[in-house]
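Take a look at the letters that make up each chain.
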Amino acid sequence: MLEDSTGWRRLVREYASLRDLRAVTAQQRGQRFNGLIAELLGCFGMSAKADQRSIGEIDVTFSHGGRRFILEAKWESRPVGTDYIAKLQRRVEQRMLGVTGVFLSMSGYSENALAELDRGRRLDLLLLDRGHWEAMLSGFVPPAELFDLVTDAASFEGKAYKPVRELIGHRRDAPRVDFEATWGSAAGPVAHVLDRATVELVADGIPSRRSAVRVLGEHRLMVTVDDGVLDVDLARQRADWRVQAYGCYGSPVITGDSVVVQRGYGVGRFRNRELEALSSGSSSPSDHRSSVRVATTAWLLDWGGAASGHNVPELVQVGQQLGDEHVSEIPALPGVVSNACWLDSGDVVVTDGVDTCLYSTENATVHKTIAVPQSHPGTLVALGDRQVMSVGTDSGLWVADVVTGQRVRIGVLEGVDAAGARLAAGVDGSVYLSVGHRAGRGSDDRIAILRITVFGRWLEKDGPAAATRGIADTPAAEHPVVPDDPGPAPSVPSAPPAPPPVTDGPPTPTVASADTAERRVVDHRQGQSDGAVFAASLPLFVMESVIAAQFDPLRWLEPWREQWRLLAAGHAPPGSTLAAWQPQAAQYLGAYAAPDGLVDSHFAPSPAYTAGFAYGMRTTWNNAVQRQAVPRDPVLLHNWLRQPVRGGVRSCAARCR
């Protein structure tokens, strides 16, 4: 696991300078290389030391999986011969049984060196080359995984040297794809389809737990599955391997005769059956926050994460070789980024589940922020220069205009894994959707591919009024989801999410809606001010549950609102009491905080106010984090809050102002 993403990025940049001999000599490069190796292993959580002197000098020592390794590194112009390898073998023999020697040669090995090592004696050495090193450095094959793979190859196959493409590759036949499949139910996997749209099942039965799609032509797709990348020809009804490598994820990027894919923490390029580690990737890998492409450039989103020591989302522009990538932060969204996609205009649509911003890669600025098209979209794809399609936690399939705020629900996914759904824009205006499902109990995971087509335009002003709304007229999260770990919040029985409502405004008794753009601005500012004041008054253990809900007030308040309802009805467990801050929350958020039937629930604030309230709470917390008044890391925060404190409860009052 990557534990230090900042250090990792620095090492990638330094490696590029060493490789190109920028401001260093070849001798200085060799001297620094040992430290670079040890530091990389440390970034990925492995204990390593460089330049160890004992019985013979050892370049790097490290431990992994209960085994001890000693590593000799050479960065020379010619392939390494048998002499250097024999020297390392003697070093291994001078140590306890079980120590494994590792030789890393950036220039490869002579044929004699490879031939002699694999025969006639017990293997106690592993041979790595530049491909192995760059795979580790980029994160495409993280160090722990790579050493497991090469150790297995030596232990089970008797091979001291095995190229990276063979370590992660396979020779399995392409899976059988059903191009004439029909769905088990009459409604199909997408219900409540918009009357001017059609959904067609074009392929099914692909064995995989996850998938992603890239459209190459009117009838040709590249589909990423568990075992690699498939070239799917819908017209000829054929599917063949384009990349045979385990563990790839995200939409593949096609550049000429190359296929660029994500794997682990890195980005790799497959060309002419050869593999090259191309770029560092995401410090927090996730298969739906995947590569995107503008013109001939591959990009990806690094959404950050506490586990890697870096919480700020970043955009990574992939270069021509490892170390050439350009990384830029997106400072406008302090929440956990859900997804991103590129518009044809070049702007990037980035959402954190509460807000959506348009980010310009040309001048590295955010020039527009709007309400999120839907709560926490799991997949996002651009449709031209101003529209996006998404699938969110409510299983709804939506199209939104990021300029006007208009949106329309295309349908609702049913009987499939909506959280794992992936979208891809077609060349003819259609959209392809890959979804996971199971044919029956006990069956394996299968991927189905759907083609969604609209007659006319996705957004039509004269379309059904009940299905079309402005983003600013809709709450940030229409279906609050109880957080997985909301701190001390009361538990609520889980239930499957219902399809999203199609009526205007939130489902509350009375809605104080904003009917003009000016009014929405005023409401948003007032909400921001109130949210900041309210957050500063909360106990910190309550703020922990707010953070767990990603600063979404509706999502955060739902379990507390349910507890209030049980108390009011006399059905709450013995000893249950109303939290002191809940009536204050109801003063601001009305029916979102208080249950139906109480005086406190007589109103619901406008969506603009609610969005501003969320922004104010989040800003207050982030200010406290920047002042180091509270821990940034959620795990450290959790432990810190549970330490004894004089007075009993830690409050935001002194720390969040």
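Residues numbered from 1 in each chain as written. Predicted model: local features only at pLDDT ≥ 70, side-chain atom pairs only at ≥ 80, totals over all residues. Heavy atoms only, no water.

Draft legend 1. Representation of the overall build of the protein within the structure. Of the regular secondary structure elements, the protein holds 14 helices and 31 strands. Counting over 657 residues, the protein shows a buried share of 55%. Relative to all contacts within the protein whose residues are 6 or more apart in sequence, the contacts with residues 24 or more apart total 58%. Accessible surface for the protein amounts to roughly 29100 Å². Of this, 48% is attributable to carbon and sulfur atoms. (Helix = DSSP H or I, 4+ residues; strand = E, 2+ residues; numbered from the N terminus. Buried < 20%, exposed > 50% of the residue type's maximum accessible area, 1.4 Å probe, protein only. Contact = heavy atoms within 4.5 Å. Areas by Shrake-Rupley, 256 points an atom, 1.4 Å probe, with all protein chains shown as cover.)

Draft legend 2. Representation of the sheet that holds strand β4 (residues 100-105). An order of β1-β2-β3-β4-β5 is seen for the 5 strands of this open sheet, with the pairing classed as mixed. The sheet is open, and its two borders are formed by β1 (48-54) and β5 (125-129), each paired with just one other strand. Between one strand axis and the next, the sheet turns through 30 degrees on average, direction left out of account. Contacts from helix α3 (residues 82-93) reach β2 (56-64), β3 (67-74), β4 and β5, with the element oriented near 155 degrees to β4. Set on the sheet, helix α5 (residues 130-138) makes contact with β4 and β5; between it and β5 the angle comes to about 80 degrees. (Pairing = 2+ DSSP bridges. Axes fitted to C-alpha atoms, helices over the stretch in contact; angles between N-to-C directions.)

Draft legend 3. α5, seen in detail. α5 sits mainly inside the fold: 7 of its 9 residues count as buried. Every buried residue belonging to α5 is among His132, Trp133, Glu134, Ala135, Met136, Leu137 and Ser138, and all of these are buried. Where α5 begins, one side-chain oxygen reaches toward the backbone nitrogen of Gly131, 3.0 Å away; that side chain belongs to Asp129. (Polar contact = N/O pair within 3.5 Å; in protein donor to acceptor, adjacent residues only side chain to side chain.)

Draft legend 4. Representation of the pairing of strand β27 (residues 406-413) within the structure. Of all 8 residues in β27, 7 are buried, a share of seventy percent or more. Where strand β6 (residues 190-191) meets β27, 2 bridges bridge the pair, whose relative direction is antiparallel. Residue Ala191 lies in a different strand from β27, and its bridge partner there is Val412. Here 5 bridges tie strand β26 (residues 396-401) to β27, and the two strands are oriented antiparallel to one another. The residue bridging Gly396 from the neighbouring strand is Val412, located in β27.

Draft legend 5. Examining the packing of aromatic side chains more closely. In this structure the tally under the stated criterion is 21 aromatic pairs. With centroids separated by 6.1 Å and ring planes inclined at 70 degrees, the aromatic side chains of Tyr15 and Trp133 adopt a geometry described as edge-to-face. Of this pair, Tyr15 sits in helix α1 (residues 5-19) while Trp133 sits in helix α5, and the two are 118 residues apart along the sequence. As far as burial versus exposure is concerned, Tyr15 and Trp133 are alike and both buried. Each ring, one from Phe103 and one from Tyr109, has its centre 6.1 Å from the other, and the planes form 70 degrees; the classification is edge-to-face. You can call Phe103 buried: its relative accessible area is 0%. Among the aromatic residues, ring-to-ring pairing joins Phe534, Trp556, Trp560, Trp581, Tyr588, Tyr609 and Phe613 into one connected group. One residue, Arg407, lies across the ring of Trp398, its end atom 3.8 Å from the ring centre. (Phe/Tyr/Trp six-rings, centres within 6.5 Å; stacked < 30°, edge-to-face > 60°. Lys NZ or Arg CZ within 6 Å of the ring centre and 35° of its normal.)

Draft legend 6. Looking closely at the pattern of salt bridges. This structure, assessed with the given rule, holds 26 salt bridges. A salt bridge links Glu562 to Arg565; the shortest N-O distance between them is 2.6 Å. Taken together, the residues Glu562 and Arg565, both in helix α10 (residues 553-569) and 3 residues apart, mark about one turn of the helix. When salt bridges that share partners are traced, they join Arg10, Glu14, Arg32 and Glu39 into one network. (Salt bridge = Lys/Arg side-chain N within 4 Å of Asp/Glu carboxyl O.)

Draft legend 7. Here's a closer look at the environment of Leu18. For Leu18, the position within the fold is in helix α1. Look at Leu18 and you get buried, because its relative accessible area is 4%. With sequence-adjacent residues up to four places away left out, Leu18 is seen in contact with Val24, Arg29, Arg32, Leu36 and Trp75.

Draft legend 8. Summary view of the sheet that holds strand β10 (residues 228-233). Pairing is antiparallel in the open sheet, where 4 strands are placed in the order β8-β9-β10-β11. Whereas interior strands pair on both sides, the edge strands pair on one side only; in this sheet they are β8 (212-217) and β11 (238-244). Each neighbouring strand pair of the sheet contributes to a mean axis angle of 25 degrees, computed without reference to strand direction. The pairing of strand β9 (residues 220-225) with β10 spans 6 bridges and is antiparallel. By the bridge assignment, Leu221 is partnered in β10 with Val232.

Draft legend 9. Spatial organisation of unusual backbone geometry. Unusually for a residue other than glycine, Ala23 sits at a positive phi of about 65 degrees. With respect to the element layout, Ala23 can be found in the loop between α1 and α2 (26-43). With relative accessibility at 85%, the residue Ala23 sits in the exposed group. Here the phi dihedral of His192 falls at roughly 55 degrees; this positive angle occurs in a residue that is not glycine. When its relative accessible area of 49% is taken as the criterion, His192 is described as partly exposed.

Draft legend 10. Region of interest: α3. With 12 residues, α3 extends 16 Å from end C-alpha to end C-alpha; this agrees with the ideal 16 Å at 1.5 Å per step. Of all the positions in α3, only Ile85, Leu88, Gln89, Arg91 and Val92 are classed as buried. Seen end-on, α3 carries its buried residues on one side only, within an arc spanning 160 degrees. Looking at α3, the residues exposed on the side facing more than 90 degrees away from the buried face are Asp83 and Glu93. (Expected span 1.5 Å × (residues − 1). Arc of directions from axis to C-beta.)

Draft legend 11. Representation of the environment of Phe179 in the model. Looking at the secondary structure, you find Phe179 in the loop between α7 (164-168) and β6. Residues Phe179 and Leu234, 55 residues apart in the sequence, show an inter-C-alpha distance of 7.4 Å.

Draft legend 12. Region of the structure containing the pairing of β4. Among the 6 residues that make up β4, 6 are buried, leaving the element largely enclosed by the rest of the structure. Residues Thr100, Val102 and Leu104 line one face of β4 and the alternating positions Gly101, Phe103 and Ser105 line the opposite face, and both faces are buried. Handedness of the β3-α3-β4 crossover: right-handed. Relative to β5, β4 runs parallel, the two sharing 5 bridges. Bridged to Gly101 within β5 is Leu125. (Right-handed = clockwise from strand over helix to strand, strands pointing away.)

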